[in-house]
Amino acid sequence: DRESFYLATKLPCWDVKALEDVDRIFREQLTRLQTDYIDFYLLHALNRGSFESMVKLGCVARLEELKAQGKIRNLGFSFHDGYEAFEEILNYRDWDFCQIQINYMDANDQAGLRGCRLAEEKKVPLVIMEPVKGGALANPPEKVKEIFGEVNKEASYASWAIRYVASLDGIITVLSGMSNVEQMEDNLSYMKNFKPLNEQEQSAIQ
């Protein structure tokens, strides 16, 4: 039942050398996914340089045409650069969503919390990647474990990281890389009936 799930995929900018590549890649993706439209489609891994190339080649305009045809329902981008580049890209058009990297350790890197606030102002929903910093925040230093343990001895260290980003405004989903069933069950345990971090937990994070 297509109504019970969404299809999301991306246009890898490094594979686009000419405008024709957009149509070729998109057709291949529709064929492999056995569908005639994509719910969430993003320009992948943008920085200032790659975005300028996508605009110059006409790729952004072509994706807008595909959206107008109903083949893309939501058009967005994923991002890896500084805040100024993020602001420039976010202001370029009315995006349907964007995907950024943020976690409590790197809250001021790349787009960062400033980018979250800008996206909220522009009413652009956010998808968050790397909430656990490649797994590093699932096993933080002992001093960090002590601070968290004083607040909640039962919560996993990964849950602190994921709930931190999920508590931000304007988040539609958090991408969590899971390696086994136990990690999946842990994620589900606190995301199924999600509760944002309370004041004490926010203080512990800080």
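Scope of this entry: the structure provided in the associated data block.

Criteria and cut-off values
- Residues numbered from 1 in each chain as written.
- Predicted model: local features only at pLDDT ≥ 70, side-chain atom pairs only at ≥ 80, totals over all residues.
- Heavy atoms only, no water.
- Helix = DSSP H or I, 4+ residues; strand = E, 2+ residues; numbered from the N terminus.
- Rg over C-alpha atoms; globule rule 2.2 N^0.38 Å.
- Buried < 20%, exposed > 50% of the residue type's maximum accessible area, 1.4 Å probe, protein only.
- Contact = heavy atoms within 4.5 Å.
- Areas by Shrake-Rupley, 256 points an atom, 1.4 Å probe, with all protein chains shown as cover.
- Lys, Arg positive; Asp, Glu negative; His and termini not counted.
- Charge placed at Lys NZ, Arg CZ, Asp CG, Glu CD.
- Pairing = 2+ DSSP bridges.
- Right-handed = clockwise from strand over helix to strand, strands pointing away.
- Axes fitted to C-alpha atoms, helices over the stretch in contact; angles between N-to-C directions.
- Core = buried A, V, L, I, M, F, W, Y, C linked by side-chain atoms within 4.5 Å.
- Phe/Tyr/Trp six-rings, centres within 6.5 Å; stacked < 30°, edge-to-face > 60°.
- Lys NZ or Arg CZ within 6 Å of the ring centre and 35° of its normal.
- Parallel < 35°, antiparallel > 145°, perpendicular 65-115°, else oblique.
- Left-handed = near helix turned anticlockwise from the far one by under 90°.
- Nonpolar A, V, L, I, M, F, W, Y, C, P; charged D, E, K, R; others polar.

1. Things to note about the overall build of the protein
Counting its regular elements, the protein contains nine helices and six strands. Taken over the C-alpha trace, the protein has a radius of gyration of 19 Å; the compact-globule value for 206 residues is 17 Å, and the two agree within 12%. Referenced to the eigenvectors of the C-alpha coordinate spread, the extents of the protein come out at roughly 55 × 40 × 25 Å. Out of the 206 residues belonging to the protein, those deemed buried represent 44%. Pairs at least 24 residues apart make up 72% of the contacts formed inside the protein by residues separated by at least 6 positions. Surface exposure of the protein reaches about 11,600 Å², of which carbon and sulfur atoms provide 48%. Between the centroid of the 24 positive side chains of the protein and the centroid of its 33 negative side chains there is a distance of 3 Å.

2. Quick notes on the pairing of strand E2 (residues 38–46)
Judged by how many residues are buried, E2 sits mostly within the fold: seven of nine residues are covered. Bridge analysis of strand E1 (residues 8–12) against E2 gives five bridges, and the strand direction is parallel. When the sheet's bridge partners are listed, Leu11 is paired in E2 with Leu43. As a crossover connection, the stretch from E1 through helix H1 (residues 19–33) into E2 is right-handed.

3. Points about the sheet that holds strand E6 (residues 171–174)
With parallel pairing, six strands are arranged side by side in an open sheet as E1-E2-E3-E4-E5-E6. In this open sheet, the two strands that pair with only one neighbour each are E1 and E6. With strand direction ignored, the average angle separating the axes of adjacent strands in the sheet is 25°.

4. Things to note about the nonpolar core
Core analysis: the biggest nonpolar cluster contains 57 residues, and Leu43, Leu63, Phe77, Phe86, Leu90, Trp95 and Ile100 have the highest contact counts within it. With seven residues, helix H7 (residues 157–166) is the single largest residue contributor to this core. When residues no more than four places from it in sequence are discounted, the contact partners of Leu43 are Leu11, Cys13, Met54, Val60, Leu63, Gly76, Phe77, Ser78 and Trp95.

5. So, the packing of aromatic side chains
Taken as a whole and assessed by the stated rule, the structure comprises 11 aromatic pairs. Between Tyr104 and Tyr164, the ring centres sit 6.1 Å apart and the planes meet at 85°, which makes this aromatic pair edge-to-face. With Tyr104 in the loop between strand E4 (97–101) and helix H5 (112–121) and Tyr164 in helix H7, this pair connects stretches of sequence that are 60 residues apart. Comparing Tyr104 with Tyr164, the two get one shared label, buried. Taken together through their ring pairs, the aromatic side chains of Phe51, Phe77, Phe79, Phe86, Tyr92 and Trp95 make up a single cluster. The ring of Tyr37 is capped by Arg73, whose NZ or CZ atom sits 3.7 Å from the centre of that ring. Note that Arg93 overlies the ring of Trp95, its terminal NZ or CZ placed 4.9 Å from the centroid.

6. Focus: the packing of H1 against helix H3 (residues 59–68)
At a minimum axis separation of 9 Å, H1 and H3 run at an interaxial angle of 40°. Considering the angle they form, H1 stands oblique to H3. Handedness of the H1/H3 crossing: right-handed. Residue-level inspection shows Leu19, Val22, Asp23 and Phe26 of H1 in contact with H3, the latter providing Cys59, Arg62, Leu63 and Leu66. Residues of the contact of H1 with H3, tallied by class, amount to six nonpolar, no polar and two charged.

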